[in-house]
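Here's the letter readout for the chains.
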Amino acid sequence: SELIRGFLLSGMPSPSSCPPGLLALMAPGLALMATFSLPSQAGDRRALPVEKPPGVKGRTLILLDVNTKSPVRIISENFLSLQLDPSIIHDGWLDFLSSRRLVTLARGLAPAFLRFAGKRTDFLQFHNVKNPAKSRGGPGPDYYLKNYEDDIVRSDIALDKQKGCKIAQHPDIMLELQREKAAQMHLVLLKEQFSNTYSNLTLTARSLDKLYNFADCSGLHLIFALNALRRNPNNSWNNSNALSLLKYSASKKYNISWELGNEPNNYRTLIGRSVNGSQLGKDYIQLRSLLQLIRTYSRAHLYGPNIGRPRKNVVAFLEGFMKVAGGTVDAVTWQHYYIDGRVAKVTDFLKTRLLDTLSDQIRKVQKVVNTYTPGKKIWLEGVGMTSAGGMNNLSDSYAAGFLWLNTLGLLASQGIDVVVRHSFLDHGHNHLVDQNFNPLPDYWLSLLYKRLIGPKVLAIHVAGLQRKPRPGRVIRDKLRIYAHCTSYHNHNYVRGSITLYIINLHRSRKKIKLAGTLRDKIVHQYLLQPYGKDGLHSKSVQLNGQPLAMVDDGTLPELKPRPLRAGRTLVIPPLTMSFYVVKNVNALACRYR
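Residues numbered from 1 in each chain as written. Predicted model: local features only at pLDDT ≥ 70, side-chain atom pairs only at ≥ 80, totals over all residues. Heavy atoms only, no water.

Participant: I would appreciate a short explanation of unusual backbone geometry in the present structure.
Facilitator: Peptide bonds are trans in most cases, and residues, glycine excluded, mostly fall at negative phi. Note that the residue after Ala110, namely Pro111, is joined by a cis bond; omega there is 0°. Relative to the elements of secondary structure, Pro111 occurs in the loop between α3 (100-107) and β4 (112-116). His422 connects to Ser423 through a cis peptide bond whose omega is 15°. With respect to the secondary-structure elements, Ser423 resides in the loop between β13 (418-422) and α14 (441-452). Even without glycine at this site, Asp520 takes up a positive phi of about 60°. Within the fold, Asp520 resides in the loop between β18 (510-514) and β19 (523-530). (Helix = DSSP H or I, 4+ residues; strand = E, 2+ residues; numbered from the N terminus.)

Participant: I'm lost on the packing of aromatic side chains in this one. Help?
Facilitator: When we look at a pair of aromatic rings, we describe it by the centre distance and by the angle of the planes. Counting across every chain of the model gives 19 aromatic pairs. For the ring pair Phe113 and Tyr303, a centre distance of 6.4 Å and an interplane angle of 65° mean the geometry is edge-to-face. Of the two residues, Phe113 sits in strand β4 while Tyr303 sits in strand β9 (residues 302-307), which places them 190 residues apart along the sequence. No difference in accessibility class separates Phe113 from Tyr303, as the two residues are buried. With a centroid separation of 5.5 Å and 35° between ring planes, the pair formed by Phe116 and Phe224 is classed as tilted. (Phe/Tyr/Trp six-rings, centres within 6.5 Å; stacked < 30°, edge-to-face > 60°. Buried < 20%, exposed > 50% of the residue type's maximum accessible area, 1.4 Å probe, protein only.)

Participant: Where do I start with the pairing of β18 in this structure?
Facilitator: As a general feature of sheets, a regular strand has side chains that alternate between the two faces. In terms of residue burial, β18 counts as a mostly covered element, since four of its five residues are buried. In the sheet, strand β1 (residues 61-66) pairs with β18 via four bridges, with the strands oriented parallel. Counted as the bridge partner of Leu63 is Lys513 from β18. (Pairing = 2+ DSSP bridges.)

Participant: When you look at the pattern of salt bridges in this model, what are you seeing that I'm missing?
Facilitator: Oppositely charged side chains are able to pair whenever their charged atoms sit close together. Applying the stated criterion to the full structure yields 15 salt bridges. Notably, a salt bridge pairs Asp95 with Lys210, separated by 2.6 Å at the nearest N-O pair. Residue Asp95 is found in the loop between α2 (87-90) and α3, and its partner Lys210 is found in helix α6 (residues 205-218); the two are separated by 115 residues along the sequence. As far as the burial class goes, Asp95 and Lys210 line up, both buried. Residue Asp442 is joined to Arg421 by a salt bridge in which the shortest nitrogen-to-oxygen separation is 2.9 Å. With Asp442 in helix α14 and Arg421 in strand β13, this pair connects stretches of sequence that are 21 residues apart. When salt bridges that share partners are traced, they join Arg115, Glu259 and Glu381 into one network. (Salt bridge = Lys/Arg side-chain N within 4 Å of Asp/Glu carboxyl O.)

Participant: Any chance you could explain the state of the cysteines here in plain terms?
Facilitator: Each disulfide consists of a covalent bond between the sulfur atoms of two cysteine residues. Under the defined criterion, the tally for this structure stands at two disulfides. Between Cys165 and Cys217 runs a disulfide, and the two sulfur atoms are separated by 2.5 Å. Its S-S torsion of about -130° marks the bond between Cys165 and Cys217 as left-handed, since a negative value means left-handed. With Cys165 in the loop between α4 (142-160) and α5 (172-195) and Cys217 in helix α6, this residue pair connects regions lying 52 residues apart in the sequence. With a relative accessible area of 5%, Cys217 lands in the buried category. The partner cysteine of Cys485 in its disulfide is Cys590, sulfur to sulfur 2.0 Å. Handedness of the Cys485-Cys590 disulfide follows from its S-S torsion of about -75°: it is left-handed. Residue Cys485 is found in strand β16 (residues 479-486), and its partner Cys590 is found in the segment after β24 (576-582); the two are separated by 105 residues along the sequence. We classify Cys590 as buried; its relative accessible area is 1%. Sequence-ordered numbering of the bonded cysteines in the protein yields a pairing of 1-2, 3-4. (Disulfide = S-S within 2.5 Å.)

Participant: How should I be thinking about the nonpolar core in this particular structure?
Facilitator: One recurring pattern in soluble globular proteins: nonpolar side chains tend to sit buried together. Membership of the largest hydrophobic core comes to 136 residues, with the highest contact counts inside it found for Phe224 and Trp258. Looking at this core, the element that brings in the most residues is helix α13 (residues 400-413), giving nine residues. (Core = buried A, V, L, I, M, F, W, Y, C linked by side-chain atoms within 4.5 Å.)

Participant: What is the right way to read helix α10 (residues 312-325) from this model?
Facilitator: In an α-helix, one turn spans 3.6 residues; hence positions three or four apart end up facing the same way. With 14 residues, α10 extends 20 Å between its outermost C-alpha atoms, agreeing within 8% with the 20 Å of an ideal straight helix rising 1.5 Å per residue. Val314, Val315, Phe317, Leu318, Gly320, Phe321, Met322 and Ala325 are the residues of α10 that are buried. Tucked into the core, α10 has its buried residues touching α9 (277-293), β9, β10 (331-334) and α12 (357-372). (Expected span 1.5 Å × (residues − 1). Contact = heavy atoms within 4.5 Å.)

Participant: Whenever I open this one, the side chain of Thr68 confuses me. Can you help?
Facilitator: Among the structural elements, Thr68 can be located in the loop between β1 and β2 (73-74). Among residues more than four places away in sequence, those in contact with Thr68 are Ile498, Thr517, Val585, Ala587, Leu588 and Ala589.

Participant: When you look at the packing of α6 against helix α7 (residues 240-251) in this model, what are you seeing that I'm missing?
Facilitator: Helix packing geometry: the angle between the two helix axes and the distance between the axes. Viewed as axis vectors pointing N to C, α6 and α7 meet at an angle of 55°, and their least axial separation amounts to 11 Å. Taken together, α6 and α7 sit at an angle that is classed as oblique. Seen from above, α6 lies across α7 with right-handed handedness. Counted together, Ala205, Leu208 and Asp209 of α6 and Leu245, Tyr248 and Ser249 of α7 form the full contact between these two elements. Here the contact of α6 with α7 is built from residues that sort into four nonpolar, one polar and one charged. (Axes fitted to C-alpha atoms, helices over the stretch in contact; angles between N-to-C directions. Parallel < 35°, antiparallel > 145°, perpendicular 65-115°, else oblique. Left-handed = near helix turned anticlockwise from the far one by under 90°. Nonpolar A, V, L, I, M, F, W, Y, C, P; charged D, E, K, R; others polar.)

Honestly, that's just the spatial picture; any functional story needs more than this.
If you want it as structure tokens, here you go:
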């Protein structure tokens, strides 16, 4: 390519014969992964013959440039969004969403959507009761329940006296009692999940108030999934309970978007009878008509059908839905979990084959959507690293970040408009924040993403130079590079700057030389590594060598970059994730919103 030839002639020794394993890769138009492939018996693909540059003996040097003229994709400002599972009603955490610490953590990830949905969506009943705290049941001895429930009532009374955002400072003993309750309820919830039988769940008016207060105070837009399993004898949707909820939220002037159901393709396993795609499409049309009758929601957004993994029967379900209601929804949604949390190992998070499973699903969903409603936005909702609630010390560890960051890069590069992370806080181990309200590694990764990554996706151009490989050695897809315009909300960087984010799954460091428009520019490094002796299992992280932790309940730490001198080669440590802001590129694609 002209890019690589120009770089080599201007800054490197003159070309000579190259090893047979040499390959120059050109990413064809998307900010996709940098992949190192080896020649096969089918044919030896070769690039420009070059000598190994000084200082990279026995290592790989990657040459990298970015197309700065125009973006290849533009995704939503709310691209990285959050989910809360209705199980937080069951285990009591919903009563603590007014915590200053939780609000601070959620506010750090704004702007975003907050989707309230999950396995228990279709067992959720709305009950317009203002203060049922005294009547709620739960596990534990009498003294525990009495003290806990009385504390909740007192907290609610105090919150009612506040105007605007209602923020609480819960005593440590109250949080300790809640953790005891949640630990006992966790066993109940897991039993329900593994048996696939769920008990009904009541959402009161006060609980809805608390949920909306959390979203509003955090700068998040609430998306509420209504129960789709309330059915009439003819199998059409019974909207009576949903209408009660809609009327109440409209009376409070709550700004909410809506969905209907969760993984409707699995209803047969839940209740013994199925709802096909065309029937759900009719139900969505009914819901749209209902919203139009309520002034507050006459123009509310509606999303769906939130199908599961697009296997053959699920694709047929989606086709049936799109035929009937493709024009009714504002975005088409599906969800994805990578691995079974009951059998996961830390090495699973390093498998390139696992990282790539999402690509095939994207193509399947896009094919159906573009057949019936070309150009319709597509969202991935309810994405998690593992199913079955995740696994302690794995899906909440540093290692899980490789999957999460690659998911963000892959979805953005393929034009998926929004990804909703399951979950911000819940009973499992897929969450961003633990039950002590401490941010986990994926939270810090998400925070860096929000601070540094803008909605414009850029094409990268990559060339790899490497020595002849040893027999049987395969280097493939283990270095992944994505590029965006730097976030306009970050006032530390002028418009026109570019942010790279890089995943190195190799067990050795890799070197990247910025070329073309990125050459000789000052770079700010944000290197995220595990902190402490647990390595990839760690639940703590360090940024450029400094451990990350909240300053206090109302303050997130400053994310300080490490400046690199202009023209310096980027050295990517093994098994790490990193962001690099290339300053003052004055990229045409990034100057304007």
